[in-house]
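The primary structure of each chain is shown beneath.
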Amino acid sequence: MIENFVQALEWVLSCEGGYVNDPRDPGGATNCGITQAVYDVYRKTKDLPLRSVELITLIEVDAIYRREYWRVMQCDVMPHGVDYVLFDTAVLIGPTRTKEWLGEALRKIRAGESCKLKLCTIAGKMLPIGRDRDIIDSVLELRSTYLKSRPHAKTFIRGWLKRIELVRVRGYQLVQ
């Protein structure tokens, strides 16, 4: 849903901040959480000249996040709360790994349940009904474990873990 995207984007941007080019960050220069590399691809697809991500517009930010993360993760059809957590995780980690973690979370939930688990199909995935908080917790647990293993974790881990807890609280608020 469009209003879910608007809220999720607002929360992601509140964590991502403005222009940063920290030499300790392997992502390089970013603005509003969008790397120079992602911005370059976006500008090329629009037949626009390349320029510094420092000059990205809010219209471009919205378009990139909507196309490269929200839609790729099929958040429009995910349960409210789960959509935001998957979106935020995809922004920080990437959609491919986030999709893998969603699959792992769903396998974990199914393995711990009896065959009476109620499922529904959303975005081609069988999601357990009423288990949104479990999905959120599982994806964020995998995210935490992954981030702790990163070579540059020593520098950024405190902020990453604070963000995970903020995302959990916000995701829980959205679960109906």
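Cut-offs used in this document
Residues numbered from 1 in each chain as written. Predicted model: local features only at pLDDT ≥ 70, side-chain atom pairs only at ≥ 80, totals over all residues. Heavy atoms only, no water. Phe/Tyr/Trp six-rings, centres within 6.5 Å; stacked < 30°, edge-to-face > 60°. Helix = DSSP H or I, 4+ residues; strand = E, 2+ residues; numbered from the N terminus. Buried < 20%, exposed > 50% of the residue type's maximum accessible area, 1.4 Å probe, protein only. Lys NZ or Arg CZ within 6 Å of the ring centre and 35° of its normal. Contact = heavy atoms within 4.5 Å. Core = buried A, V, L, I, M, F, W, Y, C linked by side-chain atoms within 4.5 Å. pLDDT = per-residue confidence, 0-100. Salt bridge = Lys/Arg side-chain N within 4 Å of Asp/Glu carboxyl O.

## Considering the packing of aromatic side chains
This structure, assessed with the given rule, holds eight aromatic pairs. Seen in terms of ring centroids, Tyr-65 and Phe-87 are 5.9 Å apart; in terms of plane orientation they differ by 75 degrees. Their pairing is edge-to-face. Residue Tyr-65 is found in helix H3 (residues 58–70), and its partner Phe-87 is found in helix H4 (residues 82–93); the two are separated by 22 residues along the sequence. For the residue pair Tyr-65 and Phe-87, the accessibility class agrees, reading buried in each case. Between the NZ or CZ atom of Arg-133 and the centre of the ring of Tyr-172, over which it lies, the distance is 4.3 Å.

## Some words on the side chain of His-152
Positionally, His-152 belongs in the loop between helix H6 (132–149) and helix H7 (153–174). Apart from residues no more than four positions distant in its own chain, His-152 is found in contact with Arg-24, Pro-26 and Trp-160.

## Considering the nonpolar core
Residues Tyr-65, Tyr-84, Leu-86 and Phe-87 are the most contacted members of the largest nonpolar core, which totals 48 residues. Listing elements by their share of this core, those giving two or more residues are helix H1 (2–16), helix H2 (36–45), H3, H4, helix H5 (95–111), H6 and H7. Per-element accounting of this core gives the leading share, eight residues, to H4. Apart from residues lying up to four places away in sequence, Tyr-84 is in contact with Ala-8, Trp-11, Val-12, Val-167, Arg-170, Gly-171 and Leu-174.

## Side note on the confidence of the model for the chain
Detailed reading of the predicted coordinates is not advisable wherever pLDDT is low. With 88% of its residues at a pLDDT of at least 70, the chain reaches an overall mean of 89. Averaged over each element, pLDDT in the chain is lowest for strand E3 (residues 119–122) (56) and highest for H3 (97).

## Looking at the pattern of salt bridges
Per the stated rule, a full pass over the model turns up 12 salt bridges. When the shortest N-O distance is used, the salt bridge between Glu-60 and Arg-43 registers 2.8 Å. Of the two residues, Glu-60 sits in helix H3 while Arg-43 sits in helix H2, which places them 17 residues apart along the sequence. Judged by its relative accessible area of 7%, Glu-60 is buried. Of the residues examined, Arg-43 reaches a relative accessible area of 6% and is grouped as buried. The partner of Glu-60 in a salt bridge is Arg-51, and the shortest N-O contact between them spans 3.3 Å. Each of Glu-16, Asp-88, Arg-143 and Arg-163 takes part in one network of salt bridges that share partners.

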